[in-house]
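A structural walkthrough
Below, each chain spelled out in residue letters.
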Amino acid sequence: MKARSKKTTRKAGSASAATKSVLSDASLHLMNTYKRSDMIFTHGRGCYVFDQNGKKYLDFLGGIAVNALGYSHPDLVKTIRREAGRAVHVSNLFHNPFQGPLAAKLAKWSGMDRVFFTNSGSEAVEGAMKLARIAAKKKPGGAAKTRFLALEHSFHGRTLGALSITHPLKYREPFEPLVPGVDFVRLNDVADLEAKFTDEVCAIVIEPIQGEGGIYPISNEFWKRARELATQRGAALIADEIQCGLGRTGKAFAYQRLEGLPDIVIVAKPLAGGLPLGAFLAREEFAASFAPGLHGSTFGGGPLTCATGLTFLDTIERKKLLANIRARGAELKAGLKKMAAKFDFIREVRGEGLMIGVDLDVDGAPYVAEALKQGLLINCTHDHILRFLPPYILTARQVQEGLSKIESVLARTERPAKSAAVPSASAAAETLAAAR
Ligand SMILES: Cc1ncc(COP(=O)(O)O)c(C=O)c1O
């Protein structure tokens, strides 16, 4: 008995020394770009993830919309193991067995024709911008068609091109000058869209449901008008589906609840179940503007990531996960709406499928911290919108487990001061009314 307790003490001691060493390496040698707590996640299973002390968390953040099949999903593990032992990389100078089939499957899901694979969302946004530029140049008056439109509160990534069409000043300003010729249109404001959609525009980039911006859906009226204007002006309508696409909202793509197909679609996050893989997809009329040498990527579309992407999409189809996303999403939203009636600092619950935001009129950070303490992973965008992006494999029981944790978090957290960042209730109501 004595010997066993000694062993346990020694193990715990060395575990904490290992933790200290990991955190010290991170603090001395990682660039200072993220505020992180001192916990280290070591492994996960299904919708749960575990930290270095073995504490279990229900994951309602899913690696920010990446771990759509949860952790260590057996189908993904099988594919990754198999391909890791065959060929992880062969270069884009040659075909691999999975890139073509994954492109075909994405084309079928999206209504697009051709695909280019990348390593990240931002890289896919860059490629989509280049494709829109070169396609516009081939149209009458094309030499002048170089401007981009994006929406207020948009987020499209951190590389210079993607950053140029990302709206919040805090991300853009420190790195200016960026790509010139970008205008931001007010969300769902058709008059503003019409005023800014000039002949010089080569593309408008829209998240059909804004993610980082606070889970704001695009209205059908706005989308339809953007579609019409893009066609009239010879510009591309680009859907950034990096966060809201590939099943997240209960449809294959979030634009599928709107009237009219985009010309270019951008995906990434969950595509290879957590391995880095993104893509931009285009209708033939646009894709035809690329020729060998105009665009490329060393890692994009390798055999390991594409095989895993195929398994990811097959699993969604085989396990009928779109129906599960709709059913679990409806339960989660209904439960959160009930809480909104109880806690007066909840202004709004909005979203589709398993992409849900709870808009608070107070700072959200203390609620995220309390959730962590209670074993629930969530995050907060725009300082006051709690964001839920759980895995597609979520069960009804896990929805209830999550709801009871959220209720306890909302009840136990000392109410913070009113958030300065909250827009006026009337502005928010206008945005929501327009979105319906
Ligand atoms: C809508 C949207 N576009 C682009 C990006 C950038 O993707 P990545 O971080 O993979 O470069 C993100 C990331 O959060 C996103 O949510």
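This structure is a prediction, so every number in the text was calculated from the model and none was measured.

**Some points on the overall build of the protein chain**
Along its length, the protein chain carries 15 helices and 17 strands. In summary, the protein chain has a C-alpha radius of gyration of 23 Å against a globular reference of 22 Å for 436 residues, a match within 12%. When its C-alpha atoms are laid out on the principal axes, the protein chain stretches across 85 × 55 × 45 Å. The 436 residues of the protein chain split such that 46% are buried. Counted over contacts in the protein chain with a minimum sequence separation of 6, partners at least 24 positions apart contribute 74%.

**Side note on the site of the ligand**
The ligand sits among 14 residues. The nearest are Gly121, Ser122, Gly157, Ile242 and Gln243. The biggest single contributor to the shell around the ligand is helix 5 (residues 121-137), with 3 residues. Residues belonging to the shell around the ligand are distributed by class as follows: 4 nonpolar, 7 polar and 3 charged.

**Points about the nonpolar core**
Formed by 116 residues in total, the largest nonpolar core has its most connected members in Ile238 and Ile264. Counting contributing residues per domain, this core is built from domain 1 (37-66 + 321-435) and domain 2 (75-318), each supplying no fewer than three.

**Let's talk about the pairing of strand 14 (residues 355-360)**
The side chains of a regular strand alternate, first on one face of the sheet and then on the other. Taken across its 6 residues, strand 14 has 6 buried, putting it largely inside the fold. Here strand 14 shows two buried faces, one formed by Met355, Gly357 and Asp359 and the other by Ile356, Val358 and Leu360. Two elements, strand 14 and strand 17 (residues 385-388), share 4 bridges in a ladder whose sense is antiparallel. Its bridge partner being in strand 17, Ile356 is matched across the sheet by Phe388.

**Topic: unusual backbone geometry**
The phi angle of most residues is negative, glycine excepted, and most peptide bonds adopt the trans form. Of the consecutive residues Glu176 and Pro177, the connecting peptide bond is found in the cis state with omega at 5°. Although it is not a glycine, His153 adopts a positive phi angle of roughly 70°. By the secondary structure assignment, His153 is in the loop between strand 5 (147-151) and helix 6 (160-164).

**A look at the packing of helix 12 (residues 321-342) against helix 14 (residues 396-412)**
The interhelical angle for the contact between helix 12 and helix 14, taken along N-to-C directions, is 20°, at an axis separation of 10 Å. By the angle between their directions, the pair helix 12 and helix 14 is classed as roughly parallel. Crossing of helix 12 against helix 14: the hand is right-handed. Residues Arg328, Glu331, Leu332, Gly335 and Met339 of helix 12 form the contact with helix 14, whose participating residues are Ala396, Val399, Leu403, Ile406, Glu407 and Leu410. Considered class by class, the residues forming the contact of helix 12 with helix 14 number 7 nonpolar, 1 polar and 3 charged.

**Observations regarding the sheet that holds strand 6 (residues 182-185)**
The strand order 4-12-11-10-7-5-6 describes an open sheet built from 7 strands, whose pairing is mixed. Looking at which strands have only one partner, the edges of the open sheet turn out to be strand 4 (114-118) and strand 6. Here the strands of the sheet are splayed against their neighbours by 20° on average, with no regard to which way each runs. Lying on the sheet, helix 5 is in contact with strand 4, strand 5, strand 7 (201-206), strand 10 (236-240), strand 11 (264-267) and strand 12 (278-282); it crosses strand 12 at an angle near 25°.

**Points about the domain arrangement of the protein chain**
Here the protein chain is partitioned into domain 1 (37-66 + 321-435) and domain 2 (75-318). On a C-alpha basis, the centroid separation for the pair domain 1 and domain 2 is 26 Å. On the side of domain 2, 21 residues touch domain 1, which itself brings 25 residues to the contact. Of all the secondary structure elements, the ones that give two or more residues to the side of domain 1 that touches domain 2 are helix 2 (62-65), helix 12, strand 13 (346-352), strand 14, strand 17 and helix 15 (425-435). With 5 residues, helix 12 is the single largest residue contributor to the side of domain 1 that touches domain 2. A per-class count over the side of domain 1 that touches domain 2 returns 12 nonpolar, 8 polar and 5 charged.

**Here's the deal with helix 11 (residues 303-318)**
A rise of 1.5 Å per residue sets the reference length of helix 11, with its 16 residues, at 22 Å; its end C-alpha atoms lie 22 Å apart and thus fit the reference within 8%. Burial analysis of helix 11 places 12 of its 16 residues in the buried class, the great majority of the element. The set of residues buried in helix 11 consists of Leu304, Thr305, Cys306, Ala307, Thr308, Gly309, Leu310, Thr311, Phe312, Leu313, Thr315 and Ile316. Those residues of helix 11 hidden inside the fold are in contact with helix 3 (74-84), helix 4 (99-110), strand 4 and helix 12. Count one or two residues on from helix 11 and you reach Lys320, which has phi positive near 50°.

**Remarks on the sheet that holds strand 1 (residues 41-45)**
Read from one edge to the other, the open sheet built from 4 strands follows the order 1-2-3-15, with strand pairing classed as mixed. Each edge of the open sheet carries a strand with a single partner, namely strand 1 and strand 15 (376-377). Here strand 2 (residues 48-51) pairs with strand 3 (residues 56-59) via 3 bridges, running antiparallel. Within strand 3, the position partnered with Tyr48 by the bridge is Leu58.

**Focus on the pairing of strand 10**
Of all 5 residues in strand 10, 5 are buried; the element is thus mostly enclosed. Burial of strand 10 is two-sided: the residues Ala236, Ile238 and Asp240 facing one way and the residues Leu237 and Ala239 facing the other way are all buried. Bridging between strand 7 and strand 10 involves 4 bridges; their strand directions are parallel. Bridged to Ile206 within strand 10 is Ala239. Here strand 10 pairs with strand 11 via 3 bridges, running parallel. Paired with Ala239 across the strands is Val265, a residue of strand 11.

**Let's talk about the confidence of the model for the protein chain**
Scored by pLDDT, the protein chain has a mean of 93; 92% of the residues are at 70 or more. Taken as a whole, residues 1-10 scores under 50 in pLDDT and shows 0 contacts with residues more than four places along the chain or in a different chain. Here residues 422-436 is a poorly scored stretch, pLDDT under 50, and it has 16 contacts once near neighbours within four places are set aside; other chains count.

About the cut-offs
- Starting from 1, residues in each chain are numbered consecutively following that chain's sequence as written.
- With the structure being a predicted model, the display of local features is reserved for residues of pLDDT at least 70 and the display and counting of side-chain atom pairs for 80 or more, all residues being used for whole-chain, interface and lining totals.
- Secondary structure counts use DSSP, requiring at least four H or I residues in a row for a helix and at least two E residues in a row for a strand, with both numbered from the N terminus.
- All radius of gyration figures rest on C-alpha atoms, and the globule criterion is 2.2 Å times the number of residues raised to 0.38.
- Counting other C-beta atoms within 10 Å of its own, a residue is labelled buried from 20 upward, exposed at 12 or fewer, and partly exposed in the gap between, with every C-beta atom placed from the backbone.
- The contact criterion used is a C-beta to C-beta distance within 7 Å, with each C-beta placed from the backbone.
- Whether a residue is near a molecule or strand depends on its C-beta atom, placed from the backbone, lying within 6 Å of it.
- As a working rule, the residues Ala, Val, Leu, Ile, Met, Phe, Trp, Tyr, Cys and Pro are called nonpolar, Asp, Glu, Lys and Arg charged, and the rest polar, with Gly in that last group.
- Only buried Ala, Val, Leu, Ile, Met, Phe, Trp, Tyr and Cys residues enter a nonpolar core, and they are joined through C-beta atoms within 7 Å.
- For each domain, the first and last residues come from an automatic or database assignment.
- Only strands that DSSP links by at least two bridges are regarded as paired with each other.
- Angles here are taken between N-to-C directions and fall from 0 to 180 degrees, while the axes themselves are lines fitted to C-alpha atoms, restricted in helices to the stretch in contact.
- Comment on the angle field: the value is read as roughly parallel under 35 degrees, roughly antiparallel over 145, roughly perpendicular from 65 to 115, and oblique elsewhere.
- Crossing handedness is defined as follows: a turn of the near helix away from the far one that is anticlockwise and smaller than a right angle gives a left-handed crossing, while the clockwise case is right-handed.
- Each helix should span, by expectation, one fewer than its residue count multiplied by 1.5 Å.
- Here pLDDT means the predictor's own confidence in every residue, given as a number from 0 to 100.

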